[in-house]
Amino acid sequence: MNKILIIGACGQIGTALTEKLREDYGNENVIASDIREGGKEMMESGPFEIVDATSKERILEVVKKHEVKQVYLMAAMLSATAEKYPQKGWELNMTSLLAVLDLAKEKYIDKVFWPSSMAVFGSTSPKINTPQQTIMEPTTVYGISKVAGEHWCNYYHEKYGVDVRSIRYPGIISWKSLPGGGTTDYAVDIYFEALKKGSFECFLSEDTRLPMMYMEDAIDATVNIMKANPECVKTRTSYNLAAISFTPKEIAQEIKNYIPDFEITYKPDFRQDIADSWPRIIDDSAARKDWGWEHAYDLTSMTKDIITNLKKHEELLS
Ligand code: SER
């Protein structure tokens, strides 16, 4: 078995990805790692290592110790936090990627997954059906780091034959593991606040439409692009990926089907400018054609699943 290392395993996507990969490939074959220890389930379900994602030496040590062949690099500073700490955001997002790409170039590992984001697009990109290839002039540090990272991925693929695969995630909605520091986080917080308090103050305006996706679909896409035959993965910068696009007003309306008295108010802050620079709807036909991407959840089925699960897991609401 080619062992797998997940860097940033305790983050929003890393947590769900670790659970899925351990289920698919066996607990002992999936090494979780992060800058700090994770929750009980993460720590007890398989091997765990403390790893600073910016330390190539430490990553190599863990790769050698566990005979790792595939790395999923999920550690990143997201859009809103990186606007507050631009230098740190750039440093974490770039240094970690170059470290992992170098390890693949040096043949310690065979395959790399690295997430990009819809944040690669900016105000000058077409907002509706944003194409795979178009103008990319991001206005956030996060977006700049993702565009640069995509080109590094493509460079290492072309120049050194590194098998690196990447998708541009939209906003990811989850209930089990929470996001931190992103502009799309409101669409997770809203469910928790609706169930806890019956009301929510949104930091984006009511008609801000953004591309989003349920965690189940995001994990599916991640696992499937890594399983695809190398010749099917024709884009080695990163693939557009889309599922649903909605506004705060529309998600609030869905929640009202379960909590009729739910109230939403709007108080846009600095994140509004970030959201306004991003696409409204993304064209992901290349991913669908090249490696068979398909999403399963729409806003209605996602809302039903999240509310049902949160009601079952009341401990998450405390
Ligand atoms: N969810 C991310 C953010 O809001 C976008 O990739 O920063």
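Refer to the structure printed above.
Conventions used here
Residues numbered from 1 in each chain as written. Predicted model: local features only at pLDDT ≥ 70, side-chain atom pairs only at ≥ 80, totals over all residues. Heavy atoms only, no water. Core = buried A, V, L, I, M, F, W, Y, C linked by side-chain atoms within 4.5 Å. Buried < 20%, exposed > 50% of the residue type's maximum accessible area, 1.4 Å probe, protein only. Contact = heavy atoms within 4.5 Å. Pairing = 2+ DSSP bridges. Helix = DSSP H or I, 4+ residues; strand = E, 2+ residues; numbered from the N terminus. Axes fitted to C-alpha atoms, helices over the stretch in contact; angles between N-to-C directions. Expected span 1.5 Å × (residues − 1). Phe/Tyr/Trp six-rings, centres within 6.5 Å; stacked < 30°, edge-to-face > 60°. Patch = residues over 30% accessible without salt bridge, like charges linked within 9 Å, V, L, I, M, F, W, Y side chains within 5 Å. Areas by Shrake-Rupley, 256 points an atom, 1.4 Å probe, with all protein chains shown as cover. Salt bridge = Lys/Arg side-chain N within 4 Å of Asp/Glu carboxyl O. Near = heavy atom within 4 Å. Polar contact = N/O pair within 3.5 Å; in protein donor to acceptor, adjacent residues only side chain to side chain. Nonpolar A, V, L, I, M, F, W, Y, C, P; charged D, E, K, R; others polar. Lys, Arg positive; Asp, Glu negative; His and termini not counted.

**Some words on the nonpolar core**
Across soluble globular proteins, you tend to see nonpolar side chains buried next to one another.
Right, on to step 1. Core analysis: the biggest nonpolar cluster contains 74 residues, and Tyr186, Tyr191, Phe246 and Trp291 have the highest contact counts within it.
Right, on to step 2. Filtering out sequence-adjacent residues up to four positions away, tryptophan 291 remains in contact with Ile167, Ala221, Asn224, Ile225, Ala228, Cys232, Tyr239 and Leu241.
Right, on to step 3. Counting 26 residues, the second-largest nonpolar core is a separate cluster that includes Ile7, Leu60, Val71 and Leu97.

**Some details on the sheet that holds strand S8 (residues 167-169)**
Right, on to step 1. With respect to topology, three strands assemble into an open sheet ordered S6-S8-S12, the strand pairing being parallel. Both edges of this open sheet fall to strand S6 (116-117) and strand S12 (239-240), since each of them pairs with a single strand only.
Right, on to step 2. The pairing of S6 with S8 spans two bridges and is parallel. Bridged to serine 117 within S8 is tyrosine 169.
Right, on to step 3. Packing of helix H8 (residues 215-227) onto the sheet brings it into contact with S8 and S12, and relative to S8 it is tilted by some 170°.

**Considerations on helix H5 (residues 86-105)**
Right, on to step 1. If you check H5, its first and last C-alpha atoms are 28 Å apart, about what 20 residues at 1.5 Å a residue would give, namely 28 Å.
Right, on to step 2. For H5, every residue scored as buried is listed here: Gly89, Asn93, Met94, Ser96, Leu97, Ala99, Val100, Leu101, Asp102, Leu103 and Ala104.
Right, on to step 3. Within two residues after H5, lysine 107 carries a phi angle of roughly 70°, on the positive side.

**A look at the packing of aromatic side chains**
Right, on to step 1. Counted according to the given criterion, the structure contains 10 aromatic pairs.
Right, on to step 2. Measuring from centroid to centroid gives 5.1 Å for tyrosine 156 and tyrosine 160, while their planes differ by 65°, and the two rings are edge-to-face. Placement of the pair is tyrosine 156 and tyrosine 160 together in helix H6 (residues 141-160), with a separation of four residues, close to one helical turn.
Right, on to step 3. Residue classification places tyrosine 160 among the partly exposed positions, given a relative accessible area of 30%.

**Regarding the pairing of strand S2 (residues 30-34)**
Right, on to step 1. Within S2, five of the five residues are buried, leaving the element largely enclosed by the surrounding structure.
Right, on to step 2. The side-chain alternation of S2 yields two buried faces, one formed by Val30, Ala32 and Asp34 and the other by Ile31 and Ser33.
Right, on to step 3. When strand S1 (residues 3-7) meets S2, the two strands line up parallel, connected through four bridges. Within the sheet, the bridge partner assigned to isoleucine 4 lies in S2 and is valine 30.

**Some thoughts on a nonpolar patch on the surface**
Right, on to step 1. A cluster of nonpolar side chains, namely Trp152, Tyr155 and Tyr160, defines an oily patch on the protein surface of about 270 Å² accessible area.
Right, on to step 2. Position of tryptophan 152 among the secondary structure elements: in helix H6.

**Looking at the site of the ligand**
Right, on to step 1. Neighbouring the ligand are Leu78, Ser79, Ser117, Tyr142, Tyr169, Gly182, Thr183, Thr184 and Trp278.
Right, on to step 2. Serine 79 has a polar side-chain atom sitting 2.6 Å from an oxygen atom of the ligand.
Right, on to step 3. A distance of 2.7 Å is found between an oxygen atom of the ligand and a side-chain nitrogen or oxygen belonging to serine 117.
Right, on to step 4. Expressed as a share of its isolated accessible area of 240 Å², the protein-covered part of the ligand is 93%.
Right, on to step 5. A per-class count over the shell around the ligand returns four nonpolar, five polar and no charged.

**Examining the side chain of aspartate 102**
Right, on to step 1. With respect to the helices and strands, aspartate 102 occurs in helix H5.
Right, on to step 2. For the buried residue aspartate 102, which engages in no salt bridge, the nearest side chain bearing the opposite charge is lysine 56, 4.1 Å off.
Right, on to step 3. Here tyrosine 156 takes part through its side chain, which lies 2.8 Å from a polar atom of the side chain of aspartate 102.
Right, on to step 4. Beyond its immediate stretch of four places on either side in the chain, aspartate 102 contacts Lys56 and Tyr156.

Note that every value here comes from positions in space, so none of it alone points to a role or purpose.
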